[in-house]
Structures are given as structure tokens and as C-alpha cells.
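# Observations on chain architecture
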Amino acid sequence: MNFCGKKINVKEILIHVIIIVFLIPFIFPIFWMIISSIKPAGLVFATPPKWLFQPSMENYQAALGGGSRGWGVGMHQYFINSFVVAIIVTLSNLAIGAFAGYGMARYRVGGKTLPLAFLLGKMLPPTVLVLPFFLIIKNLGLSDSQFALIIAYTAINLPFCVWMSWSFFLDLPWEIEEAAIIDGCSKWKLLSRIIIPMASPCLIAIGILVYVGCWNEFLFAMTLTSRNARTLPVVASLFITDEAILWGPMSATCVLIMALPILFTLFAQKYIISGINAGAVKG
Amino acid sequence: MLIRRNDKDRLFRWFTVAPSIIILLLIMVYPLINNFYNSFRYLTLINQRSGGIFIGLLNFLELFTEPSFLNSLWVTFIYVFLTVTLQIGIAFLIALAVYKGRTRLRQITTICLLLPKMVTPVAAALVWRFMLNYETGIINYFMSLFHIPRISFLTNSVSAMITLNIIGVWQHLGFSFLLIVTGLMAISNEILEAAEVDGTTWFQKLRHIIIPILRPVLTVVSLFAIINSFQAFDTIFMTTGGGPAEATQVLSIYLYRKLFIASSFGSAAAVSVILLVISLFISFSMIRVLKKGGQLG
């Protein structure tokens, strides 16, 4: 078919339209949450839903003032908790894990069995660790501390970091390093000047996945913390009380929590996609 | 001199992996052993400090005669089966539709499908709960536009399960899609073009070329999807919480209830051991598939 001198493939357009219509439900929940969060309190429940309204920040004010509702520490503390735990876990696991991945890839330390052991660890469902962690942390008197969460998240994420960086280093050309060694480059210099710069795209990809994973984690955050070390997903869950569900402030809180993963997906998708592919295609 | 250098070298080699191994022995292997030990003991909130009493296999025997546990095994199976089949089927169809088309369309599809995967599951579950509300939820409102009667999604055992499946598919579709699209794009054009020259239909091409080539990818994706759904906790906990009654009480929810509502730690440890055995079984079948495909070096 011709249209304005351009050849148009009707079938292709049809496919595009169908796919885009199909994709709407996937982003609608996120869109709807953002819309609800800026509605004035009276309109959150309006049926039929009001599409046009004066945006209001009421819900955000209510959400951020959560501390006054007897939750112990204020909302800002929960943001700090989530951030601190996630960043410490990401950086430390990345450093320790990439180091091991490098050793296994370059020197074949542990042969074929060691990588498999880490793969098994990576596939272990975190649920299995909840009870032992709960008991051990409790008996050590570490309940409700950020340290407990850092330990738990390391157990979940370290095997992932090792495995991912191992599979990545396997694909890196060995020749560049060899040339540097022949030129008399020391091991530590090799690491800082050549290996880390070459590996940085992979390290960023792993880092983003680990960071978002920690930021989103709920099960351990709920079982190991009670008040001071609480992270954001637990705070979101607290809007469901026995008396009522505070949808307005809840959606504002959810938007604040989701903002970070959404921004990562939109602006660092290249890394996320390569990370997911590397983690799965290779095992 | 040479020997000493080699020794140092070997030391360095093991030094690279030592921190990871030590840390994981301490915080992963030790807790698992500890848990295994606890699964043979009568351990509750009260006698927890003294370490409980050894009761042999009683925890396990008790579990396998408990209707509620057997039910949660069954519910987990149904949940995983439905979520994974739906997810792989839909992901495959979308991937087939976009992999040869415009790059832009593929990128948009990837972002739209990846967002639900990256977004905080607890927050996502809360939005779904908000949208599924009987009186004020937007989904019931949309349905009323088409004169479909209101549905109380989360309080009927069948609709609750289906709703959870849909949320699970919504959440994990991007992952399967991404891997399948990557697999499809790796199929060389020559094979497909040769088939076209020979005059095969679209369906024949799919059945005799694309699916056989893609089989290893599909197997890996399915196993990953199984592991993902098997671990599902956040979304179920925040929407139905296992209810109505125990209709959506998957193993992870059952474990949570055993632990924090019944406080019977010994029994919960036994559930954890069973969970571990099932997931090891899935992991080992995955490793076997990967080894067969030559992806494990």
C-alpha cells in the first residue's frame, strides 16, 4: 500500500499497534501509582476515577511525616538505612566477588568445581536462609541492626557477584594482560591499571543489579529488623494496618521507593540488559 | 628462587578466592548446617536458648501428615506451573513479533517489560492490591465499562490464584523475554532465508527451525522462571498473604507462618530443608542442561 509516496506495510503497522496495546498493562500499574500519589486525598478513591485534577503534594507530606505516627524514627532514617545497607553490600561484594571471579577465570583456581559451587549458591532461594539467619542473628544480639542486613544480603549476593564476574573474565582477552606482565607490570598494578578498567562495564552491570536487589529486598528486612534498621520496603508494608489501608500516603511512599529502580531501568538499561543476559545465558 | 616465586604465585592465586570462600562458609554454609541440625530438634520460642530437644525425624513425619503442608506443596506446584507456562508462552510470542522488526520497537518493548521486574516487589504488590480493590479499584471500574460484574479478586480461591499468576507473569515476563529475544537474534539469517527460498510457511519455519534451535535457550529460561516463581514471597505476602483460607499459601508463605505466627522453629527448619532439597534438585537439572549445551566450559 502507498501512502504519501511512502510504502507502508499494513501487516507491520498492525503488529506494532497490537504490541503497543499489549504493553500498556505492563506500565499501567506504575503509571497509576504515580497518578494516585499526586491526587488530593479526597480523590484517591473516586469512582469513576477522576483523570483531571489539581495535583497535590498532600500524600507526600503525609508519607514523609510518617515518623510522627509512632513508627520510632523518621522517614529520612529509613531512606538512609536502605541506602547505606545497599551501598555497603554492593561495593564490598563487588570487590570481593570480582577478585574471586578473576582468580577462577585466569588461574583456574578450583578448576571446574569451584565455579559450580558458586553457581549453586547463586541459585539458592533466600527463603531457605531466613530461619537460620533469624535464630543466629537473634542469639548474637544483632537483631534490628544494619549489620545483620548487610550479612544477610552478602549471603544472597556474593555468589552472584563471583559467578557473574567469573563468566565475564573468561571472555576477556588474556593477551593484553600477558603483554603487561612481560613488560614487568606488578600484580596489583595490573589489577588497577588494566583489569579493572577493562572490566568496568561488567562491574557496573553487576553493581546495579545487586544495588537494586538490596534496595528492593523485603523478606530479610522484615524478619531481621524491627524499628531502627528498617528499610523502605518494610515501611511501605506498614501502611496496611488492621484498621485501614492508607492508600494515599502509601502510594506516595511507593513512588519514592520505586523511583530509584525506575531511573536505573530508564537510564542504565544497557547495563541491566547485559547483566541479565550474562547471568543467564552463561548459567 | 624459581620455586619461591611459584609458591608466592600459588599463594596469590588462592588468595583471590579465599575471602569469598571464607565469607560464604561462615554466612551461607554454616547457617544451612545449623538449619539442618535444627530440623531434627523440637525447638520453639521458649526453649530456643537452650537449643531444643533431639526428636529425630519427627518434624518431617509431622509435616508430611499435616494437610496444611501438603496443601502448600500442591499450591506451590500449581502456582509455579501456571506462572511459568503463561510467562514463557507470552514471552515467546512477543519475542517472535519484535525480534526482526524495528530496533526502536524492540527497545520500547524491552523497557516496558523490564520495568515491572526492576521495580520494588512490595510496592508493586501494593499497587496491584490498590487496583484490584472490590469497590474502588480501577480494574473493576474498567470492567464495569464493559458491563462485566465486579469481581472480588483476592477473596475467592480460584480468582486469587489466577490473579497471583498474572502478577507473577507481569513481574517476570521481561526476564524471559530478554533471554528469548537474545536467543532468536542469534539464529543466523542464512538458515531462515534458505528456508524462505524453499517456500516454507511461517508456521513450518517456527516448528522445524526456530523451536529446535532455540530449545536449549527455552530450557534454561524455563528453569530460571521456575526458580523465580518458586521463590515468590513478597507479592503473595502483600496481596493475599496466603489466603483466602490457604488457597494461595505457597511454601515460602507457609514457612513464614510457621516461623513467626506459630513460632515452631524446629518444624520451620524442616520446611527449610525441604525447600532446599527441591531447589537443589532444580539447580542440578539446570547445571546438567548447561553442561550438555557446553555453556559451562
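Since the model is a prediction, treat every value here as computed from it, not as a measurement.

This part takes up the overall build of chain A. Along its length, chain A carries 12 helices and two strands. Taken from the N to the C terminus, the helices and strands of chain A come in the order β-β-α-α-α-α-α-α-α-α-α-α-α-α. Principal-axis analysis of the C-alpha atoms places the extent of chain A at approximately 75 × 70 × 30 Å. Buried positions account for 44% of the 283 residues belonging to chain A. For chain A, the share of sequence-separated contacts (at least 6 apart) that also reach a separation of at least 24 residues comes to 75%.

A separate point is the overall build of chain B. Along chain B, the regular secondary structure elements total 12 helices and two strands. Reading the secondary structure of chain B in the N-to-C direction produces α-β-β-α-α-α-α-α-α-α-α-α-α-α. Relative to its length of 297 residues, chain B is extended, with a C-alpha radius of gyration of 24 Å against a globular reference of 19 Å. The principal-axis extent of the C-alpha atoms belonging to chain B is close to 80 × 75 × 30 Å. Residues classed as buried in chain B amount to 42% of the 297 residues present.

To continue, consider the environment of Ile34(A). Residue and element names in this part refer to chain A. You can see Ile34 is positioned in helix 1 (residues 10–37). Classification of Ile34 as partly exposed rests on a count of 17 C-beta atoms within 10 Å. Considering only alpha carbons, one finds Ile34 and Val255, 221 residues apart in sequence, at a separation of 6.2 Å.

A separate point is the packing of helix 11 (residues 247–267) of chain A against helix 4 (residues 103–118) of chain B. Running from amino to carboxyl end, helix 11 of chain A crosses helix 4 of chain B at an angle of 150 degrees, the nearest separation of the two axes being 9 Å. The angle between helix 11 of chain A and helix 4 of chain B falls in the class roughly antiparallel. For the pair helix 11 of chain A and helix 4 of chain B, the crossing hand works out as right-handed. In this structure, helix 11 of chain A uses Pro261(A), Ile262(A), Phe264(A), Thr265(A) and Leu266(A) to contact helix 4 of chain B, whose residues at the interface are Ile111(B), Leu114(B), Leu115(B) and Met118(B). Residues belonging to the contact of helix 11 of chain A with helix 4 of chain B are distributed by class as follows: eight nonpolar, one polar and no charged.

With that settled, the discussion passes to the environment of Ile139(B). Residues and elements named next belong to chain B. When you line up the elements, Ile139 lands in helix 6 (residues 138–145). For Ile139, a count of 20 C-beta atoms within 10 Å translates into the label buried. Between the C-alpha atoms of Ile139 and Pro67, which are 72 residues apart in sequence, the distance is 35 Å.

All names here are of chain A. Taken as a whole, chain A is organised into domain 1 (2–64) and domain 2 (73–281). Just the C-alpha atoms count here: the centres of domain 1 and domain 2 sit 32 Å apart. Across the contact, 12 residues belong to domain 1 and 10 residues belong to domain 2. Elements with a minimum of two residues in the side of domain 1 that touches domain 2: helix 1 and helix 2 (58–64). Within the side of domain 1 that touches domain 2, the residues separate by chemical class into nine nonpolar, three polar and no charged.

Attention now goes to the interface of chain A and chain B. Each side of the interface is counted separately: chain A has 79 residues, and chain B has 72 residues. Considered class by class, the residues forming the side of chain A that touches chain B number 60 nonpolar, 15 polar and four charged.

Attention shifts here to unusual backbone geometry. All names here are of chain A. Phi is positive for Asp144, close to 60 degrees, though the residue is something other than glycine. Within the fold, Asp144 resides in the loop between helix 5 (127–139) and helix 6 (146–171). Here Asp144 falls in the partly exposed class, since 16 other C-beta atoms lie within 10 Å of it.

Residue and element names in this part refer to chain A. Interaxial distance between helix 6 and helix 8 (residues 187–216) falls to 10 Å at its minimum, and their mutual angle equals 160 degrees. Here helix 8 runs roughly antiparallel to helix 6, going by the angle between their axes. The two elements helix 6 and helix 8 cross, and the hand of that crossing is right-handed. Residue-level contacts link Tyr153, Asn157, Phe160, Cys161, Met164, Ser165 and Phe168 of helix 6 to Ala199, Cys202, Ile206, Val210, Gly213 and Cys214 of helix 8. Taken together, the residues of the contact of helix 6 with helix 8 sort by class into 10 nonpolar, three polar and no charged.

Let us look at the nonpolar core. Ala152(A), Ala236(A), Cys254(A), Ala123(B) and Leu126(B) are the most contacted members of the largest nonpolar core, which has 158 residues in total. For this core, the element with the most residues is helix 6 of chain A, which contributes 16 residues. Composition of this core by domain shows at least three residues from each of domain 1 (2–64) and domain 2 (73–281) of chain A. In this structure Ala123(B) touches Ala236(A), Cys254(A), Ile257(A) and Met258(A), once residues within four positions along its chain are discounted.

Time to look at the confidence of the model for chain B. For chain B, per-residue confidence averages 87 on the pLDDT scale, and 96% of positions sit at 70 or higher. Mean pLDDT values for the elements of chain B range from 80 in helix 8 (residues 189–197) of chain B up to 94 in helix 3 (residues 67–98) of chain B.

For helix 8 of chain A, with 30 residues, the first-to-last C-alpha span of 37 Å runs short of the 44 Å given by 1.5 Å per residue. Along helix 8 of chain A, the sharpest kink reaches roughly 60 degrees, centred on Ser200(A) and followed within four residues by the proline Pro201(A).

Cut-off values and rules
- Residues numbered from 1 in each chain as written.
- Chains lettered and ligands numbered in written order.
- Predicted model: local features only at pLDDT ≥ 70, side-chain atom pairs only at ≥ 80, totals over all residues.
- Helix = DSSP H or I, 4+ residues; strand = E, 2+ residues; numbered from the N terminus.
- Buried ≥ 20, exposed ≤ 12 C-beta atoms within 10 Å, placed from the backbone.
- Contact = placed C-beta atoms within 7 Å.
- Rg over C-alpha atoms; globule rule 2.2 N^0.38 Å.
- Axes fitted to C-alpha atoms, helices over the stretch in contact; angles between N-to-C directions.
- Parallel < 35°, antiparallel > 145°, perpendicular 65-115°, else oblique.
- Left-handed = near helix turned anticlockwise from the far one by under 90°.
- Nonpolar A, V, L, I, M, F, W, Y, C, P; charged D, E, K, R; others polar.
- Domains from an automatic or database assignment.
- Core = buried A, V, L, I, M, F, W, Y, C linked by C-beta atoms within 7 Å.
- pLDDT = per-residue confidence, 0-100.
- Expected span 1.5 Å × (residues − 1).
- Bend = angle between axes of the 7 residues up to and from the residue.

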